[in-house]
Each structure stands twice: as C-alpha cells, then as structure tokens.
Amino acid sequence: MASIPLPNGAKVAIATTLGSAIVVSAVTNANPAVATATAHGLSDGAIVVASAPGWSLLDNSVRRVDDGTTNNFEFEGLNSTSTDRFPAGGGVGSVRAITAWTQIPKIPTFESTGGDAKSGTTSYLDDEQDKEYFTGKNPTRLNFTVSYAPDSPQHAAMLAADESGELTVVRLVLKSGRTLYYPGTLFFNPIPVTNKDNEMVNNVSLALQGAFTSYGVAA
C-alpha cells in the first residue's frame, strides 16, 4: 500500500543569498531542456532562479541543474519540446544560483490559495443549456504564520525580503526528501497577532510570480 503524503515534520526556509547572474545564450526545445551558458560554473544539483522573459513557464521559476558540462547544463524535468508553449529561441536570459537559505522554524499554519480555474459562460438562442469555458487560472498565493521571534535570523530575513520587493523563494522540504519551491514576492507583517491565550504569530504571504516546482531526492 502506498504511503499517505503528509506535511508533518516538513522544514521551511527562505532564500537569502543569490549568486551573480549567469547569461544563458540559448535553450533547446527538448526533454529535458538544455541551456547554453559559457563557463557557467554550476554543479549538478545546484538550485537556480531562471529569468527567461520569452518563456513564461521558465521565467521566475526555480530549477535544478543536471548533467552539466563546461558550457551547458540541463534544466532538470523541464520538457520544452512544445514550440507553442516554448517558442524557439525564447529561452534566452539568465540564471542565478541560490547559495544560502535561512530556516523558518515554528510555523503553525502553511497553505496555498488561488490557482483555481477562471471561466466565463456563453449562451446560444438554439441551445437551452449554457456553456462554460475556461480562460486561465487565478493568481496563487502562499499564506503562512510564524511564531513571533523579533530577534531571530528568520524574522530579519523575511523583513528584508518584504522591504526589497524583489523576487524571493520559499522552500519546503518534506520528510521524504522531496523539495517544493515557491518563487514570488513576499509580504511580512512585523506586527504580531496578539490574542489572549493564543501564540503570538506574524502573518506572511508570498504572491507567486513563477511556476511552482518540486524535485525528489537527487540520484
């Protein structure tokens, strides 16, 4: 019998240091996609944030590097064979390696909202049944609370991410070793929620700006 996936015991962290941008001069339409980046210096297993304005499914997403050579590497798990979704030549841009994380302990609540279908309806004179059609997806947001610890490294890291307004990444590592990545812009309220007999917490929200990705334990 397959085990039931539970988040219990998961560890959460926020990216706090990114390396310099590495220019990506080409990305193949392949499975997996192969990037060309001269003397990139990335090791297999490196976690990078991609910038590729021509490919919305790659842009602002977190990817794991695999099968790297001096001037090339694979975006592990990225199937870019469809030129409708990944126009030829559109993958150029850059990547930045995430080089440091700050753990965020003591999280009472952690959930995502949004991402549900957007739709419209149409009606025809000769059809008594209205029709629904999908137009896309609503924005996705990650919402969580964290135990109030104003002198802690995690408090400082989340406050800095909020003040910068720049793209950041929240990481969730399950007990199985699978790692989930949420790239977005972070809101952190430094004023704690204070209700009698309840733990004091800070509210945190992350508005996703790139595709959610996850990876199993590297082989």
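Owing to the predicted nature of the structure, the values given are computational and were not obtained by experimental measurement. Sequence positions are assigned chain by chain, starting from 1 and proceeding in written order. At least 70 in pLDDT is required for a residue's local features to be given in this predicted model, at least 80 for side-chain atom pairs to be given and counted, and no such filter applies to totals for whole chains, interfaces and linings, which use all residues. With hydrogens and water stripped out, all remaining heavy atoms of the structure feed into the side-chain values.

Caption draft 1: Local environment of the side chain of serine 61. Tracing the backbone through its elements, the reader meets serine 61 in the loop between strand E5 (47-51) and strand E6 (62-66). Only protein chains enter the accessibility calculation, which uses a 1.4 Å probe; a residue is then buried when its area is under 20% of its type maximum, exposed when over 50%, and partly exposed in between. Residue classification places serine 61 among the buried positions, given a relative accessible area of 0%. Note on conventions: DSSP H or I runs of at least 4 residues are helices, E runs of at least 2 residues are strands, and numbering of each starts at the N terminus.

Caption draft 2: Region of interest: the nonpolar core. Val27, Leu42, Val48, Leu58, Phe73, Phe75 and Val95 are the most contacted members of the largest nonpolar core, which has 20 residues in total. Elements supplying a minimum of two residues to this core: strand E2 (22-24), E5, strand E7 (72-75) and strand E8 (93-103). In what follows, a contact means two residues having at least one pair of non-hydrogen atoms within 4.5 Å. The contact partners of valine 48, leaving out residues within four places of it in the chain, are Leu42, Ser61, Val62, Arg63, Val65, Phe75, Val95, Arg96 and Ala97. Residue types Ala, Val, Leu, Ile, Met, Phe, Trp, Tyr and Cys, when buried and joined through side-chain atoms within 4.5 Å, form a set referred to as a nonpolar core. Listed in part, the 18 residues of the second largest apolar core include Ile14, Leu142, Val170 and Leu206.

Caption draft 3: Focus on the side chain of histidine 40. On the secondary structure map, histidine 40 appears in the loop between strand E4 (34-36) and E5. For histidine 40, a relative accessible area of 8% puts it in the buried group. In terms of polar contacts, histidine 40 uses its side chain to reach the backbone amide nitrogen of leucine 42, at 2.9 Å. Two N or O atoms form a polar contact when they lie within 3.5 Å of each other; inside protein one atom must be a possible hydrogen donor and the other a possible acceptor, and for residues adjacent in sequence the pair counts only when both atoms belong to side chains.

Caption draft 4: Local environment of the pairing of strand E14 (residues 179-188). A large share of E14 lies buried, amounting to 8 of its 10 residues. In this sheet, E14 lies alongside strand E13 (residues 168-173) in antiparallel orientation, the contact comprising 6 bridges. Across the sheet, valine 170 pairs through a bridge with tyrosine 182, a residue of E14. Count of turn residues in the E13/E14 antiparallel hairpin: 5 residues, of which glycine 177 carries a positive phi of about 100 degrees. Between any two strands, pairing holds if DSSP finds at least two bridges. As judged from the 3 bridges shared by E14 and strand E16 (residues 213-215), these two strands associate in the antiparallel manner. Its bridge partner lying in E16, tyrosine 181 is registered against threonine 213. Examined bridge by bridge, E14 and strand E15 (residues 201-208) share 5 bridges and lie antiparallel to one another.

Caption draft 5: Summary view of the layout of surface pockets. Here the term cavity refers to a set of points on a 1 Å grid, laid over the protein atoms alone, in which a 1.4 Å probe fits but cannot get out; the term pocket refers to an open set having protein on both sides within 12 Å along at least five of seven lines, with lining residues being those that place an atom within 4 Å of a point. Grid points are joined across faces, edges and corners, and a volume is the space filled by probe spheres set on the points. In this structure, the largest pocket encloses a volume near 380 Å³. Lining the largest pocket are 20 residues, with Leu18, Arg96, Glu166, Leu167 and Thr168 sitting closest to its centre. With 5 residues, the top contributor of residues to the lining of the largest pocket is strand E1 (residues 11-18). Polar here means any residue outside two lists: the nonpolar Ala, Val, Leu, Ile, Met, Phe, Trp, Tyr, Cys and Pro, and the charged Asp, Glu, Lys and Arg; Gly therefore counts as polar. The class makeup of the residues in the lining of the largest pocket is 11 nonpolar, 7 polar and 2 charged. Here the second largest pocket is characterised by a volume of approximately 220 Å³. What lines the second largest pocket is a set of 13 residues, among which Ala10, Lys11, Val12, Ile107 and Leu172 lie closest to the centre. The class makeup of the residues in the lining of the second largest pocket is 8 nonpolar, 3 polar and 2 charged.

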